[in-house]
Amino acid sequence: MPQSIFEPVYKEIFPFWNEISEEDKKFICQNSHAVTYSKGKNIHDGNECSGVILVRSGSLRLYMMSDEGKDITLYRLHNGDMCMLSASCVLQTITFDVFIDAEEDSKCYVINGSAFAAISQCHPSIKIFALETAVSRFSDVMWVMQQILFMSMDKRLAIFLSDESARTGSDTITLTHEQIARYMGSAREVVSRMLKYFSNEGIVEVSRKGIKILDKKRLRKLAL
């Protein structure tokens, strides 16, 4: 894959790009691949070093799974987002298993993990960037845990619907009840019951087309 394909993107997202040599830039680009993952594809299974993943389009879901097969969504990755937790050879202090699935057809750039790890050993600025990227995601993980452990279901659902509406720029959430439950770490029946309550209260309208937010003010109030 020509260096010219990756370099404009890396120059934009990597704060260290202008600090490293042309040879190092070429090395990173040579160890990069453009990959398209089909919807439902498992991208990262456990703690192997799959590499550094940059999402160009689509959506990925990162989650943890119990021995009984129950999973909890930690966060989702969208256009422009980067995942370092898939590169355990770069961040060797990560000792827990994470899984990543493509939630929809997704185009990504993947930098070989061992290559990125090797070059980060030569440049502290790259190592710092990798650590800061991972730490920023841990804030998202702690927010998820805080919601699951300490918040009521109506508040959690209100937060989710508000955040999803803001992310997509639409008042209609086109996710199924099962998808919402998976993202929230809950059961589909619980989500459906709470959506029915929201619907009876005139906050949302539930149909086959999705969940339409009717009363943003009340939804935001529930989310507080």
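You'll find the structure just up there.
Residues numbered from 1 in each chain as written. Predicted model: local features only at pLDDT ≥ 70, side-chain atom pairs only at ≥ 80, totals over all residues. Heavy atoms only, no water.

Thoughts on the pattern of salt bridges
Side chains that differ in sign of charge can pair as their charged atoms come close.
Part 1: The final tally for this structure, using the stated rule, is 11 salt bridges.
Part 2: For R61, the salt bridge goes to D71, with nearest N and O atoms at 3.1 Å. Taken together, the residues R61 in strand 4 (residues 60-65) and D71 in strand 5 (residues 71-77) connect sequence positions 10 residues apart.
Part 3: Between R188 and E189 there is a salt bridge; the shortest N-O distance is 3.4 Å.
Part 4: The partly exposed category is assigned to E189, whose relative accessible area is 45%.
Part 5: When salt bridges with common partners are traced through the structure, they connect R61, D71, E103 and R182 into a single cluster. (Salt bridge = Lys/Arg side-chain N within 4 Å of Asp/Glu carboxyl O. Helix = DSSP H or I, 4+ residues; strand = E, 2+ residues; numbered from the N terminus. Buried < 20%, exposed > 50% of the residue type's maximum accessible area, 1.4 Å probe, protein only.)

As for the side chain of S59
Part 1: Assignment of secondary structure puts S59 in the loop between strand 3 (52-57) and strand 4.
Part 2: What makes S59 buried here is its relative accessible area of 3%.
Part 3: Excluding residues within four positions of it along the chain, S59 makes contact with R76, L77, H78, D101, A102, E103, E104 and S106. (Contact = heavy atoms within 4.5 Å.)

Thoughts on the sheet that holds strand 4
Part 1: With antiparallel pairing, 4 strands are arranged side by side in an open sheet as 2-7-4-5. Whereas interior strands pair on both sides, the edge strands pair on one side only; in this sheet they are strand 2 (42-46) and strand 5. Strand after strand, the sheet turns through a mean of 25 degrees between neighbouring axes, direction not considered.
Part 2: Bridge count between strand 2 and strand 7 (residues 98-102): 4 bridges; the pairing is antiparallel. Looking at the pairing, H44 lines up with I100 of strand 7. (Pairing = 2+ DSSP bridges. Axes fitted to C-alpha atoms, helices over the stretch in contact; angles between N-to-C directions.)

Remarks on the packing of helix 5 (residues 153-168) against helix 6 (residues 177-184)
Part 1: The geometry of helix 5 relative to helix 6 is characterised by a closest axis approach of 11 Å and an angle of 105 degrees between their N-to-C directions. Relative to helix 6, helix 5 is oriented roughly perpendicular. On the side of helix 5, the interface is formed by M153, R156, L157 and F160, while helix 6 contributes I180, Y183 and M184.
Part 2: In terms of residue class, the contact of helix 5 with helix 6 is built from 6 nonpolar, no polar and 1 charged. (Parallel < 35°, antiparallel > 145°, perpendicular 65-115°, else oblique. Nonpolar A, V, L, I, M, F, W, Y, C, P; charged D, E, K, R; others polar.)

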